[in-house]
Each structure stands twice: as C-alpha cells, then as structure tokens.
Amino acid sequence: MVKTVTLSNGIRLVMEPMLNLRTVSFGVWVKVGSVNETQENNGISHVIEHCLFKGTKTRSAKQLADEISAIGDQLNAFTGKECTAFYGVTLTEYLPKLIELMGDMLQNSTFEEEPLKKELGVILEEIDMYDDSPEDLVHELLQKKVWEDHPLGYIISGEKSVVSAMTKEQILKNAAWQARQMVSEAEVVRTSTLENALEDAKKESERIMNEAKNYDAKVKAEAEEIVNMTLTERRQELEDARKELEDSREGVLEEARKEGEKMLEAVRKEAEELRQRLDEEIENYRKAREAELKESLKEAQQIAQATLEEKTRDALQLYADTVHKTEEMANLIVAIYEQQMEVIQQDRKDISAIVEKLERQGVHQGLQRSRR
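1. Side note on the overall build of the protein
Reasoning step 1: Each helix and strand counted, the protein has 10 helices and five strands in total.
Reasoning step 2: Counting the 372 residues in the protein, one finds 24% classified as buried.
Reasoning step 3: Within the protein, contacts between residues separated by at least 24 positions form 72% of all contacts whose residues are at least 6 apart in sequence.
Reasoning step 4: Carbon and sulfur atoms make up 55% of the accessible area of the protein, which totals about 26900 Å².

Listed below in structure tokens is the structure:
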C-alpha cells in the first residue's frame, strides 16, 4: 500500500512498503526541468544533474564514486521536461547512507570550474549522440514543431552553442533551483531542511524495519500453524483411507479376480481367433506358393524344351557343317591323289621312253642289271 507523508520541513515523502524484499529504492524528484529554462540557459538543468556527481564540500568526485560503489553502485539521475530525478537502490540497512550521500550532492555540490569544463565536453558528446539517433532526433524535432517557442519545445540536453558557454556563476544563479534550496551560494547554504528530512526518514525506516520483523514473525507463526493443521488433516485423511481400504479389500480382491477371469477368457478367445486367422493365412500362402511353383516349373520346362531344341538344331547344323567339310576334304584328297597319279603315269611314260632310247643305243644289258 502506498503511503504519503509530509515532513515537518514541507518535503513530501511517498512510500510503498514491500516487506518481502531486503532492498530499498530511494529517489528525489526536483520539480525543475527544461520547461523552467529560457533560450539563454537551455540545457542548464541537465548540466546541473551531471555536475552534482562531480564533488561536494566534503567529498571529491572519486570519494563520491567510491562511497556509492560501497553500497551497491546503484545511484543515477535523469532530466526531463518538468523534473530532474536522482535515485538509487541499496540494501535496507544502507538507506541512511544513501539519503546522506544524495543530500550532500543536492545541497553541497561545489561546481568547480575544471570538472565543469570536462563535464560540458561529455554533455556535448551526448548531444551529438542524440543527433545521430533517428528515434531521439525525430521526437525532439516534433516537440519543437508542436510547441514552437514555448519552453516545452526546448531540447532537454540544450543547444550546443548555449551549453558550451555555461559557467559556474550562471549555474549558481539559476533561480529555478535556488527557489527550492537545492543549489545555493556557499555562504547561504542551509542544511536544516535536509537534516530534518534525514531524521524523519531514519525514523520511518526503523518503523518499517520493525514492521517487517513483526511481519516475518507473524508470517512464520501462521505458516507453522498452517503446516501443522495441514499435517493433521493429511494424517486423518490417510487413516480414513487406510480403514476404507481394509474394509473394501476383500470385495476389491473378489472383483479383481472376476475381472481377471473375464480378461483372461477374452484373451483366450482373442488368441484362438488369432490362431485361426494365422492358419488361414498360412494355408492361403501355401496355396499361392504352390501355384507360383507350378507356374515357375512350367515356365522352366518350356525354357528347357526350347533350349534343348535350339541346342539340337545347333548340333545338327554343326554335324552337317562337319560332314560337308569332310566331303570337301575327301574330294580335295582324291583330286590330289589323281594329280599325283597323273604325275606318276607321266613319269612312267618318261622312264619308258628313256629305256627305249637307251636300248636303242646299245646299253640294254647294263640297264637290266641295274634293275635287278
């Protein structure tokens, strides 16, 4: 539940207890933004937001950074059209430290010239970055077009020419911030309001912590009571279930036996039907295979018969070819024999002529001896 309290110094404090967490969020919303600026100091709220992190009367920028890191490093800020916000998150026990740090930054920042110049350079780079971001740039251009010369049309980060020329004196004389005692001259700084706020915040924090502890104890007691009640109820339920199970066990067993017999009989019938179907399928398969085998045998016989006839024809043809070749060979041999016989006959005739010639020459006797 959100609770709003106005402190004795007029600061409004808005709180929302979240007792299940051990962290706390704290922020200061200053009702000063770019709407409170003029064309001559446009961007000064954004510059002040940056400079509050750069050192106070009692802390340097490094000391601020170190102390912020020591409590979680979750302290940040932003500038809007109608407000400038500073916020942080830390463990509950560090809330007073977070308030003190933020109060010191808001009340006692020194705005030294050298850190200011460096920070102005950082802000100018941010402005360039926004100009390079179409989604940011288009909104700025739209606001300028809608509001024209009204401060709501001013760019929150300011124009580069205005920002680059800002000085410490200009910042300290910014009426919008002085009116809320957030930034003042060193000799007129007043811290009583912040001290009162810090004291009230500490008291409220302690009260919230006590409520949290009481709440934790209450929740723990209620949880234990609920657990005990639940365990008792569960034990009774289990005991009732056990008795009911004992009472119904015999009946359940008998019903289970009958149901088992029915299931067994059904399984037997199903098995018998399955066996019959298998026998029928086996018989059909056997008949189909027999028909296929007969058809295959018939085809094999036909193929064998055709193959035998073809081989027989080939053998007869080969025999005929062989006989024909044999006859041709025999005729050739006879022709050769006849040629040889003609040669022999011719030789006999030649020899007879030679003998007759020799006889006529008177050597008939010698020839007869040589023949013998």
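We are not done yet, so read on.
2. A short note on the pairing of strand β2 (residues 12–15)
Reasoning step 1: What you see with β2 is a clean split: Leu13 and Met15 sit on the buried side and Arg12 and Val14 on the side with no burial.
Reasoning step 2: Direction of pairing for strand β1 (residues 3–6) relative to β2: antiparallel, over a ladder of four bridges. Within β2, the residue paired with Thr4 across the bridge is Val14.
Reasoning step 3: Hairpin connection from β1 to β2: five residues lie between these consecutive antiparallel strands, with Gly10 at a positive phi of about 95 degrees.

3. Some remarks on the pairing of strand β5 (residues 84–91)
Reasoning step 1: Sheet analysis places strand β3 (residues 23–30) next to β5, joined by eight bridges and oriented antiparallel. The residue of β5 that forms the bridge with Val28 is Phe86.
Reasoning step 2: Two elements, strand β4 (residues 75–79) and β5, share five bridges in a ladder whose sense is antiparallel. The residue of β5 that forms the bridge with Phe78 is Ala85.
Reasoning step 3: Where β4 hands over to β5, the hairpin turn is made up of four residues, counted between the paired strands.

4. Focus: the packing of aromatic side chains
Two numbers describe a pair of aromatic rings. These are the distance of the centres and the angle of the planes.
Reasoning step 1: The tally for this structure, following the rule as stated, stands at one aromatic pair.
Reasoning step 2: Residues Phe78 and Tyr87 carry aromatic rings whose centres are separated by 6.1 Å and whose planes lie at 55 degrees to one another, so their mutual orientation is tilted.
Reasoning step 3: The class of Phe78 is partly exposed, set by a relative accessible area of 35%.

5. Remarks on the sheet that holds β3
Reasoning step 1: Spatially, β3-β5-β4 is the arrangement adopted by the three strands of the open sheet, whose pairing is antiparallel. Whereas interior strands pair on both sides, the edge strands pair on one side only; in this sheet they are β3 and β4. The mean angle between the axes of side-by-side strands here comes to 15 degrees, regardless of whether they run parallel or antiparallel.
Reasoning step 2: Contacts from helix α1 (residues 44–51) reach β4 and β5 within the one sheet, and its direction differs from that of β4 by about 170 degrees.

6. Here's the deal with the packing of α1 against helix α4 (residues 113–131)
Reasoning step 1: Put simply, α1 and α4 touch, their axes get as near as 10 Å, and they point 120 degrees apart. In terms of orientation, α1 and α4 fall into the oblique class. Crossing of α1 against α4: the hand is right-handed. Every residue of α4 that contacts α1 at His46, Val47, His50 and Cys51 is listed here: Leu116, Glu119, Leu120, Ile123 and Glu126.
Reasoning step 2: A breakdown of the residues in the contact of α1 with α4 according to their chemical character gives five nonpolar, two polar and two charged.

7. Structural notes on the environment of Asp128
Reasoning step 1: Within the fold, Asp128 resides in helix α4.
Reasoning step 2: Here the alpha-carbon distance between Asp128 and Lys160, two residues 32 residues apart in the chain, equals 8.9 Å.

8. With respect to the pattern of salt bridges
Reasoning step 1: Applying the stated criterion across every chain yields a total of 16 salt bridges.
Reasoning step 2: Lys173 serves as the salt-bridge partner of Glu169, at 3.0 Å between the closest nitrogen and oxygen.
Reasoning step 3: Here the salt bridges share partners, and the residues they tie into one network are Arg59, Glu67, Lys97, Glu100 and Asp104.

9. Some thoughts on a nonpolar patch on the surface
Reasoning step 1: Together, Met329, Leu332, Ile333 and Ile336 line one region of the surface with nonpolar side chains, adding up to about 380 Å² of accessible area.
Reasoning step 2: Within the secondary structure, Leu332 sits in helix α9 (residues 192–361).

10. Details of the nonpolar core
Reasoning step 1: Of all hydrophobic cores here, the largest spans 33 residues; its most connected members are Val47, Leu52, Phe86, Met102, Phe111, Val163 and Ile171.
Reasoning step 2: Mapped onto this core, the elements with two or more residues apiece are β3, α1, α2 (61–70), β4, α3 (95–108), α4, α6 (160–163) and α7 (168–172).
Reasoning step 3: Residues within four places of Val47 in sequence aside, it is in contact with Leu116, Leu120, Ile123, Val163, Met166 and Ile171.

11. So, unusual backbone geometry
Reasoning step 1: For Asp73, which is not glycine, the phi torsion reads 60 degrees and is therefore positive.
Reasoning step 2: Mapping Asp73 onto the fold places it in the loop between α2 and β4.
Reasoning step 3: Given a relative accessible area of 49%, Asp73 falls into the partly exposed group.

12. Some points on the side chain of Thr84
Reasoning step 1: Structurally, the position occupied by Thr84 is in strand β5.
Reasoning step 2: At 2.7 Å, the side chain of Thr84 forms a polar contact with the backbone oxygen of Val32.

13. Here we look at the confidence of the model for the protein
Reasoning step 1: For the protein, the mean per-residue pLDDT works out to 81, and 83% of the residues sit at or above 70.
Reasoning step 2: In this model, residues 179–194 is a region of pLDDT below 50 whose contacts with residues beyond four sequence positions or in other chains number 31 contacts.

Scoring rules and cut-offs
- Residue positions are given per chain, counting from 1 as you read along its sequence in written order.
- Per-residue local features are limited, in this predicted model, to residues with pLDDT of at least 70; the limit for side-chain atom pairs, both in listing and counting, is 80 or more; totals at the level of whole chains, interfaces and linings are taken over all residues.
- Side-chain metrics in this entry use all non-hydrogen atoms of the structure; hydrogen atoms and water are not considered.
- Only DSSP runs of H or I covering at least 4 residues are called helices, and only runs of E covering at least 2 are called strands; the numbering of each starts at the N terminus.
- Accessibility here uses a 1.4 Å probe with only protein chains present; expressed as a share of the type maximum, an area under 20% marks a residue as buried, one over 50% as exposed, and anything in between as partly exposed.
- Two residues form a contact once any of their heavy atoms are found within 4.5 Å.
- Working definition of accessibility: Shrake-Rupley area with a 1.4 Å probe, residue cover restricted to the visible protein chains.
- Strands were regarded as paired on the criterion that DSSP finds at least two bridges between them.
- Centres within 6.5 Å make a pair out of two Phe, Tyr or Trp rings, where for Trp the six-membered ring is used; the pair is then stacked when the planes are under 30 degrees apart, edge-to-face when over 60, and tilted otherwise.
- Only the stretch in contact is used when fitting a helix axis, every axis being a line fitted to C-alpha atoms; angles between N-to-C directions are given from 0 to 180 degrees.
- Our angle categories are set so that under 35 degrees counts as roughly parallel, over 145 as roughly antiparallel, 65 to 115 as roughly perpendicular, and the remainder as oblique.
- Crossings are sorted by hand: turned counterclockwise from the far helix by less than a right angle, the near helix makes the crossing left-handed, and turned clockwise it makes it right-handed.
- Any residue outside Ala, Val, Leu, Ile, Met, Phe, Trp, Tyr, Cys, Pro, Asp, Glu, Lys and Arg is labelled polar, Gly included; the first ten of those are nonpolar and the last four are charged.
- A side-chain nitrogen of Lys or Arg and a carboxyl oxygen of Asp or Glu constitute a salt bridge if their distance falls within 4 Å.
- Only residues whose relative accessible area exceeds 30% and that take part in no salt bridge are eligible for patches, with like-charged residues grouped when within 9 Å of each other and nonpolar side chains (Val, Leu, Ile, Met, Phe, Trp, Tyr) grouped when within 5 Å.
- Nonpolar cores are built from buried Ala, Val, Leu, Ile, Met, Phe, Trp, Tyr and Cys residues. Side-chain atoms within 4.5 Å join them into one set.
- Under the rule applied, a polar contact is a pair of N or O atoms within 3.5 Å (in protein, one hydrogen donor and one hydrogen acceptor; residues adjacent in sequence only if both atoms are side-chain atoms).
- Confidence scores labelled pLDDT are given residue by residue by the predictor and lie between 0 and 100.

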